[in-house]
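These are the residues of each chain, in order.
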Amino acid sequence: MCVNAVLFSLKVKCLRIDYKLKRQDSTKTLLIKSEQLLRIEEHDFAMRPGFGGAAIPVGIDVQVESIDSISEVNMDFTMTLYLRHYWKDERLSFPSRTNQSRTFDSRLVKKIWVPDVFFVHSKRSFIHDTTMENIMLRVYPDGNILYSVRVTVTALCSMDFSSFPLDTQNCSLELESYAYNENDLMLYWKNGNDSLRTDEIVLSQFFIEHFHASSGLAFYSSTGWYNRLFINFILRRHIFFFMLQTYFPTMLMVVLSWVSFWIDRRAVPARVSLGMTTVLTMSTIITGVSSSMPQVSYVKAVDIYLWTSFLFVFLSVIEYAAVNYCTTLEEMRKMRRGKIPSTFDASQAMAFDGCFHDNDIELTTFTRMAPTLTSNPLTTPTQSSDIRAPEGTRLRRQRSVRENVDLLVNNSYMIDSYSRLAFPLSYLLFNTIYWSLYS
């Protein structure tokens, strides 16, 4: 009898301890209690709240955590944000003395009705699931619900690159209900413009000028009108990166091509190699910029600058071709006039650089003739002395275009002299117009 009494008392103590532990650790039966408390099994949550009546209002607020990337090639951006929904479902109301809400995770979300908000024009999106799905459901005693998810979405941004890289891009992330039109669900910003909040966001190539929220309606011919919310943000591109990688090297190549104007026109290898080097370098810069950009059908601002600079470099090569050709014509004319001795070997003089050398040619000196006014043979000496031009004056006649061309051909060094001034001034004028238009 004593042994049985002892065993019975121990059993009662164990039951009391087990009951006390269960009361302290209520998480073992929390899910069952919550489902019973919210009466989930008593309602059909496949239907929206207030089905058959007025549209259910669903408030939205967004906190943008980061803009992960912006791709010009794919014309899209990737954004991570906290998306919060607010609505009221009286089917989930429960009695509470303290009026405190209850918070649940994704396991209960799958058993109740939630708004089917999706991202319009999204390419990819996912809800973060480390270490659990980043979903939070908070239910208040009166049936008000807060549903929050942490999501990353990649969406389309129609960019205009006509002013690239001095451009400003307007992008937007659009939210809309997929199944419920405006007769069933009214989507709105919960706190107006204050519904959109952002953390401090720093981007490598862009500066975020402005974030703002807006709303509108979208029409589909088969299903009707839908409420749509917009997260708009304006991006201004940082120009310093492109100044270092594109504009400064391009300017240096153009200036380098002008060095050939100060090199002797007889130094063919030096001037030709310098011209070809600058042309090939400009081609490499243009190819590098084009490979990192989408294949658009219009001209970009950087294209105008690069191709105009390439034209300046190309014209510097053409300029030397003209100088070399005029020099050859000049010396060939002198040879025909007998200014070059018959013993002169032209092929030997042009063996290294393609043109004649003045130190290899013995030119006869020209006798300077005093300018005189031709008198009319019918006039008498007395009349001739009367119509003589006054002392110290000369008669000048304007040269024709042909004479100016002949002057340049006979004095080919003047082409280099004019180019030393014309090329820099033209390029300076182009830069002034370019930066005043696009900056």
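On a predicted model such as this, the values are computed, not experimentally measured, just so you know.

### Regarding the overall build of the protein chain
In terms of helices and strands, the protein chain carries ten helices and twelve strands. Buried residues in the protein chain amount to 37% of all 439 residues. Residue pairs in contact within the protein chain that sit at least 24 positions apart in sequence constitute 76% of those at least 6 positions apart. Accessible surface, the protein chain: about 27400 Å² in total, of which carbon and sulfur atoms supply 58%.

### Considering the pattern of salt bridges
A side chain with one charge may pair with a side chain of the opposite charge, provided their charged atoms come close. In the structure shown here, the tally under the stated rule is 16 salt bridges. The salt bridge involving Glu72 is made with Arg237; its shortest N-O contact spans 2.5 Å. Here Glu72, found in the loop between strand S1 (56-71) and strand S2 (76-88), pairs with Arg237, found in strand S12 (residues 224-237); they are 165 residues apart in sequence, far enough to count as distant. For the pair formed by Glu72 and Arg237, the shared burial category is buried. The shortest N-O distance in the salt bridge between Asp416 and Arg271 comes to 2.9 Å. Of this pair, Asp416 sits in helix H10 (residues 413-438) while Arg271 is found in helix H5 (residues 268-291), placing the two residues 145 residues apart along the sequence. Within this structure, Asp61, Arg84 and Arg197 form a network of salt bridges that share partners.

### Re the packing of aromatic side chains
Applying the stated criterion across every chain yields a total of 27 aromatic pairs. Judged by centre distance (5.9 Å) and plane angle (85°), the ring pair of Trp87 and Trp113 falls under edge-to-face. Remark: Trp113 occurs in the loop between helix H3 (106-109) and strand S4 (117-120) and Trp87 occurs in strand S2; sequence separation between them is 26 residues. Here the two residues Trp87 and Trp113 agree in accessibility, since each one is buried. Note on Trp258 and Tyr427: the rings are 5.9 Å apart at their centroids and 80° apart in plane angle, and the pair reads as edge-to-face. Of the two residues, Trp258 is situated in the loop between helix H4 (240-257) and H5 and Tyr427 in helix H10; the sequence distance between them amounts to 169 residues. Take Trp258 and Tyr427: they sit in the same class, and that class is buried. Through a chain of ring-to-ring contacts, the aromatic side chains of Tyr247, Trp258, Phe261, Tyr305, Phe312, Phe423, Tyr427, Phe430, Tyr434, Trp435 and Tyr438 assemble into a single cluster.

### What to know about the sheet that holds strand S11 (residues 206-220)
A sheet is described by the order of its strands in space; here four strands give the open sequence S4-S8-S12-S11, paired in antiparallel fashion. The open sheet has two free edges, formed respectively by S4 and S11, since each of these has just one partner strand. The sheet shows a mean angle of 25° between the axes of neighbouring strands, direction not considered. Judged from the 14 bridges that link them, S11 and S12 form a sheet pairing that is antiparallel. Bridged to Ala213 within S12 is Ile231.

### Digging into the state of the cysteines
Following the criterion strictly, the structure yields one disulfide and no others. Linked covalently through their sulfurs, Cys157 and Cys171 form a disulfide whose S-S length is 1.9 Å. Between Cys157 and Cys171, the disulfide has an S-S torsion of -80° and is therefore left-handed. One end of the pair, Cys157, is in the loop between strand S7 (144-156) and strand S8 (168-177); the other, Cys171, is in strand S8, with 14 residues separating them in the sequence. Assigned by exposure class, Cys157 and Cys171 land together as buried.

### Some points on the confidence of the model for the protein chain
Segments scoring low in pLDDT should not have their predicted coordinates read at a detailed level. Overall, the prediction assigns the protein chain a mean pLDDT of 81, with 75% of residues at 70 or greater. Across residues 17-32, confidence stays below pLDDT 50; counting only partners more than four residues off in sequence or on other chains, it has one contact. Confidence over residues 360-387 falls short of pLDDT 50; this stretch has 19 contacts with residues more than four positions distant or in other chains.

### Observations concerning H4
Three or four residues apart is the spacing at which side chains of an α-helix point the same way, because the helix has 3.6 residues per turn. Helix length check: H4 (18 residues) gives 25 Å between terminal C-alpha atoms against 26 Å at 1.5 Å per residue, within 8%. At Tyr247, H4 shows its strongest bend, of approximately 35°, with the proline Pro249 following within four residues. Among the residues of H4, Phe242, Met243, Thr246, Tyr247, Thr250, Met253, Val254 and Ser257 are the ones counted as buried. Where H4 is buried, its residues contact S12, H5, helix H6 (301-336) and H10.

### Quick word on the packing of H4 against H6
Between H4 and H6, the least distance of the axes is 9 Å, while the angle of their chain directions is 15°. Judged by the inter-axis angle, H4 sits roughly parallel to H6. Handedness of the H4/H6 crossing: left-handed. Residues Thr246, Tyr247, Thr250, Met251, Met253, Val254 and Ser257 of H4 form the contact with H6, whose own contacting residues are Val302, Tyr305, Leu306, Ser309, Phe312, Val313 and Ser316. For the contact of H4 with H6, the class distribution of residues is nine nonpolar, five polar and no charged.

### Let's talk about the pairing of strand S9 (residues 185-189)
Burial along S9 is one-sided: Leu185, Leu187 and Trp189 are buried, and none of Met186 and Tyr188, which face the opposite way, are. In terms of strand pairing, S1 meets S9 through five bridges, oriented parallel. Across the sheet, Pro57 pairs through a bridge with Met186, a residue of S9.

Rules and cut-offs
- Residues numbered from 1 in each chain as written.
- Predicted model: local features only at pLDDT ≥ 70, side-chain atom pairs only at ≥ 80, totals over all residues.
- Heavy atoms only, no water.
- Helix = DSSP H or I, 4+ residues; strand = E, 2+ residues; numbered from the N terminus.
- Buried < 20%, exposed > 50% of the residue type's maximum accessible area, 1.4 Å probe, protein only.
- Contact = heavy atoms within 4.5 Å.
- Areas by Shrake-Rupley, 256 points an atom, 1.4 Å probe, with all protein chains shown as cover.
- Salt bridge = Lys/Arg side-chain N within 4 Å of Asp/Glu carboxyl O.
- Phe/Tyr/Trp six-rings, centres within 6.5 Å; stacked < 30°, edge-to-face > 60°.
- Pairing = 2+ DSSP bridges.
- Axes fitted to C-alpha atoms, helices over the stretch in contact; angles between N-to-C directions.
- Disulfide = S-S within 2.5 Å.
- pLDDT = per-residue confidence, 0-100.
- Expected span 1.5 Å × (residues − 1).
- Bend = angle between axes of the 7 residues up to and from the residue.
- Parallel < 35°, antiparallel > 145°, perpendicular 65-115°, else oblique.
- Left-handed = near helix turned anticlockwise from the far one by under 90°.
- Nonpolar A, V, L, I, M, F, W, Y, C, P; charged D, E, K, R; others polar.

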